Amino acid sequence: MADRVRIAIVGSGPAGLSAAARAAQLGLSHVLLEKTDHLSDTIYKYQKGKHVMATPSALVLRSDLDFDAGKREIVLGTWDDQTAKHKVNVRHKSEIKAIEGEAGAFVLTLTDGAKIEAETVVLAIGTQGNPNLVRCPGASLPHVQYQLDDPGEYVDEHITVIGSGDAGIENALGLAADSAQGNTVTILNRSGDFARAKGANVKLLNEAAERGRITIRLETTPAEIRPGEMVLETRDGQETIRCDRVIARMGSAAPRAFIESCGIEFSSPDREAFPKLSPTFESTKPGIFVIGALAGYPLIKHCMNQGHDVIEFINGNKGLKPADEPLLEAKFAKFRARRSVDEWLELLRSNVSILNELSPLQMREFMLDSEVRAYKPDEVIFERNDPGSSLFAIAQGNVLVEVDKDNPRITVPIAQGSVFGEVGLISGRRRGATIRAGENAVIVEVSRTAALKLMASVPAAKRALTRISIERQLLQMFGSGLTAADLAEVIDASEVLTVPAGKHIITEGEDGQDIFVIRVGSMIIEKQVGGKPVFLNYLPAGSYVGEIALVNGGKRTATVKAAIKSEVIRLPGEAFLRLLKAKPRLLDKLRADVADRQNINSFIESRKDSFSGVVDMYSATAGFLIENGIGEATDVLLIDENLCVGCDNCEKACADSHEGLSRLDREAGRTYAHLHVPTSCRHCEHPHCMADCPPNAIHRGPDGEVFIDEKCIGCGNCQRNCPYGVIRMDSVPPKKPPIFAWLLLGLGPGPGEPNKAWKYKDKKDGVEKPKKAIKCDMCAGIKGGPACVRACPTGAAIRVAPEKFLGVARLERETD
Amino acid sequence: MRDRDLDRRGRVREAAMHEGFLRHRNFRWLKIATALSLAAIAGYGFADVTPRPNGGSWYGYTLGTVAVLLILWLTLLGVRKRWMTRGRWSLKAWTSAHVYLGLSLIVTATLHTGFQLGWNVHTLAWALMMLVILSGIWGIVAYAALPKALSSNREELTQTQMLEGLRAIDRQLHEAAQPLAPSQAALVQKSLEQNVFAGGLFRRLSGRHRGCATAKALRGIRREGGQEKVQSLLERKSGMLARLRRHLQLKAMLEVWLYVHVPATFALIAALTAHIVSVFFFW
């Protein structure tokens, strides 16, 4: 006999818990289904004592459960107590397998076979997903497990760990750590190396293997699991080993497939897409509601508010305003026109073409991450060479683009409903032109995150933006009095290609006339001279290549390959030639560019004859820098180790300029020919750290710096996402006495980052300081610029844009 | 390509190439210091002081004032280096000026003496100043010659990584040595107990480590034909030790001159104070 409830809530994270508490408070029959034996598994799995943050601070909490920033234990303890006090009906160890039926009569099947009937379902399962399962005979045997809570539990066992990520390695190391436990540990890796895991973990693993503690089996997969033994599929055939326990840590699958199987549609096939929802969080399957991280709201407060609201909606409270209403009201408060928030949202949605297809709920979300401003005629919106990655949309009025940098009176208008600033959004490079308001204008500034979300959820918006951005990029790059109409044919025939790092888009000696425009990433140009590839030039996003063969005819004169994963626009040669015929000024411009480039090429070739060694070194250095990710950098710290005396004054200066914490590690990092790239932020064009910041706390500042603001919740996502390891998590040390007190009286720890002992000694009792993400901000706002460079006594440290450093001037100096 | 020479406020960005403190701004401070020295020499030749050039003449006072102000300013480099204030200053420019103006003191201060040297507090000040300058020259030579070697020796490893590497190999040694005979195990034990930082300044600077426990253990075990695994671990440890010791040696050599330069500076200032007070007191 199945249980029957009015509301089944799936998942007991902040969203689900808050919903269940509301349902209990309203006296609605409900059940809260939790997969594990405790509430809120994601937070439960945080490390002990972790400080949980409560952002955005402006948002009011609307829930029957309390929540405030504090230690993980306190947060979980409060929820446990209050869940019990509200008499929430929790069903632990209830993993859901399927949801069938229609609104009013859903049947939820659990993995243990139980069935629950519910009139409505609230899905609050988050995005953590389910572990990937072992797929071989015997995978369902009881000694196959997907989690390891306490490695100390197992004694004298033969244990096989499957998986090559950090989780698998850490488990294997934990099981083998104490030889007194007598475990025989084997780790299986499908591939030939542990590329996905942290370097430190791989090192520890190899060391353990060398000591005979762990057996590493590469290119090996499980073929069959039997009680007490396991058959392995290796390179050299099958092999059977003893095995009492299997621990599978093979990552987890996003819950999307499950959600779609319930009949819920997503807004687009993009990986970042979220389910389509109504203003009351109802999905496309009537009766199923989606809230929390799965709905696109990763912050605890949002989740809890939605849990509260969704139950109110289900209970028939239609007049409830969302908790973010005051935040939106504040955004529109500065306008004289008195409109309600809903009227404003509708006005923006209908006036701006790329927003037309958004739902009211998406519109709210979108506006929370965006700003609306009014501009008077001729007021500047942004200036040429300003850094910025936001997108602007014109809700009312129009704007003028100053297309000629020397004459601000030459402008091109952009009309109401259209967008601008998309080049910054897509390429991450500086603004290409100054833009000012043409008449009284209302402009929406869309943050990079909101713009990316928009493109992922509305395919039409993505297409429109891509087309506009190609058109604008070409207009800006070629100038020469071209108009959008002239380019129509070329753009219609163009295509956007994604180029993996190292792949050629043009190969020397081949035929081809296409022009390539670099949209994202960067390219390097190489030429074979004397049987060796010689580095000729570095092209950042916003440049084009391929014009020599087009203008002069003949074969390609050099090879162009991607320095990092890039996106290029391919413009077919025939269409472009027709454009050149019609526009002689464009041909002149191209001829001038060709001459410039050929000058550089012939200069390098001439030097190659007389200074072969220097040119090889120049090529090799460029290659080294690009290998180390300089291709996506906008500003990088480079140390000349011919000059560096290792005094670490750069680190000390960094710490002293930033609350006592250094954001760079001078000694660590790669070195080639005494050119050292220390562990320090490169301010990537498309910062990896920004990719998944729940409170949206990472931005690009006015001088191009990528910085983290005070909204940081210390989750560590950015640290994990940074491929260069330049972000650290730490708490701010206490303030030091002034430098003269140290110089004259020896008070305090002296210049630089204080050591742990001092930090600990000087800590106030009982005050737990949260750990936050710390990274280089290029000393923004500090007069004089980067402290590391200013404080270098020998001139070993410089900060440069890669295209400047890789320029030909370097070769000129060295061969003069 | 885009013009990124100027940043948003129109400031010229830092040079896109490395330029050491000696070459700073095309030897700006070398030129200034040379001009200063030549002017001092010319003045010395032209100044009509009787009965003979002397620190107490008007020209002598001028040179003395210039020299003492220079010395005090040069001392401030130590403050500048540690006092991380805002503003458009560069420590490299300070170092450059420090080096060349410091060298020019050889001319200014010596001319100030009028070559009247003797066994007194005045000459003590001059001698201490020369000691500071000579140790400074030693520093310049070290800064010019050693960084390359430091960089080549460490091969992308940090000091922490080197120490971690040693610890890791010690753990392996500890386990591999379990089945060894007591005499061999004792040798390995000695190697495990070895402290790389021990031995004092001379040992670190000289780079000679006679009686190194690891080297001894390796020799002993080789002689007795001990386990191959232990041997190879000891060989690896020796290699790592050699690198770490070279690293510490180079770092010490880059710093050791400061242990003369800085204390001598303070002695100089003390002697200078005595010199000035006595000159005015016994006027």
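Residues numbered from 1 in each chain as written. Chains lettered and ligands numbered in written order. Predicted model: local features only at pLDDT ≥ 70, side-chain atom pairs only at ≥ 80, totals over all residues.

## Notes on the environment of Ile518 of chain A
All names here are of chain A. Rules: Numbering of helices and strands starts at the N terminus; helices are DSSP runs of H or I of at least 4 residues and strands are runs of E of at least 2. Three exposure classes are used. Buried residues have 20 or more other C-beta atoms within 10 Å of their own C-beta, exposed residues have 12 or fewer, and partly exposed residues fall in between, all C-beta atoms being placed from the backbone. Any pair of residues counts as being in contact when their C-beta atoms, constructed from backbone geometry, are within 7 Å of one another.
Within the element layout of this structure, Ile518 appears in strand β30 (residues 515-520). The buried category is assigned to Ile518, around which 26 C-beta atoms lie within 10 Å. In sequence terms Ile518 and Leu745 are 227 residues apart; their C-alpha atoms lie 58 Å from each other. Filtering out sequence-adjacent residues up to four positions away, Ile518 remains in contact with Met523, Leu539, Ala541, Gly542, Ser543, Ser566 and Val568.

## Section: the interface of chain B and chain A
Taken together, the contacts link 40 residues of chain B with 51 residues of chain A. Every element with two or more residues in the side of chain B that touches chain A is listed here: α3 (77-82), α4 (91-113), α5 (121-154), α6 (159-176) and α10 (228-256) of chain B. Examining the composition of the side of chain B that touches chain A, we find that 5 residues originate from one element, α5 of chain B, more than from any other.

## As for the domain arrangement of chain A
Definition in use: Domain ranges listed in this record stem from an automatic or a database domain assignment.
Here chain A is partitioned into domain 1 (3-129 + 254-314), domain 2 (144-252), domain 3 (335-459), domain 4 (489-607) and domain 5 (625-815). Domain 2 of chain A and domain 3 of chain A are separated by 53 Å when their C-alpha centres are compared.

## Notes on the sheet that holds strand β26 (residues 434-437) of chain A
All names here are of chain A. Stated formally: The criterion for strand pairing is that DSSP finds at least two bridges linking the strands in question. Fitted lines through C-alpha atoms give the axes, limited to the stretch in contact for helices. The angle between two N-to-C directions lies from 0 to 180 degrees.
Pairing within the open sheet is antiparallel, and its 4 strands lie in the order β21-β26-β23-β24. Every other strand in the sheet has two partners, leaving β21 (380-382) and β24 (411-414) as the edge strands with one partner each. Ignoring which end each strand starts from, the neighbouring axes of this sheet average 35° apart. Both strand β23 (residues 399-402) and β24 contribute to a ladder of 4 bridges, which runs antiparallel. Pairing of Leu400 across the sheet is with Pro413, part of β24.

## Things to note about the packing of helix α14 (residues 484-493) of chain A against helix α16 (residues 573-582) of chain A
Residues and elements named next belong to chain A. Under the convention used in this document: An angle below 35 degrees is read as roughly parallel, one above 145 as roughly antiparallel, one from 65 to 115 as roughly perpendicular, and any other as oblique. Side-chain classes are defined by residue name, with Ala, Val, Leu, Ile, Met, Phe, Trp, Tyr, Cys and Pro counting as nonpolar, Asp, Glu, Lys and Arg as charged, and the others, Gly among them, as polar.
Where α14 contacts α16, the two axes come as close as 9 Å, and the packing angle between them is 175°. Relative to α16, the element α14 is oriented roughly antiparallel. For the pair formed by α14 and α16, the contact residues are Asp486, Glu489, Val490 and Ala493 on the first element and Ala575, Phe576, Arg578 and Leu579 on the second. A breakdown of the residues in the contact of α14 with α16 according to their chemical character gives 5 nonpolar, no polar and 3 charged.

## Looking at the sheet that holds strand β20 (residues 370-375) of chain A
If you walk across this open sheet you meet the 4 strands as β20-β27-β22-β25 (chain A), and the pairing is antiparallel. Of all the strands in the sheet, just β20 and β25 (419-420) of chain A have a single pairing partner and so form its edges.

## Side note on the domain arrangement of chain B
Along its sequence, chain B is carved into domain 1 (24-145 + 261-281) and domain 2 (159-255). On a C-alpha basis, the centroid separation for the pair domain 1 of chain B and domain 2 of chain B is 47 Å.

## Observations concerning the confidence of the model for chain B
All names here are of chain B. Heads up, the condition is: Each residue gets a pLDDT score, which is the predictor's confidence in that residue and runs from 0 to 100.
Per-residue pLDDT for chain B has a mean of 89; in total, 94% of the residues score no lower than 70. Per-element mean pLDDT across chain B ranges from 87 in helix α8 (residues 200-206) up to 96 in α4. Predicted confidence for residues 1-14 stays below pLDDT 50, and this span has 19 contacts to residues more than four positions away or in other chains. The complex prediction reports pTM at 0.77, with the ipTM value standing at 0.92.

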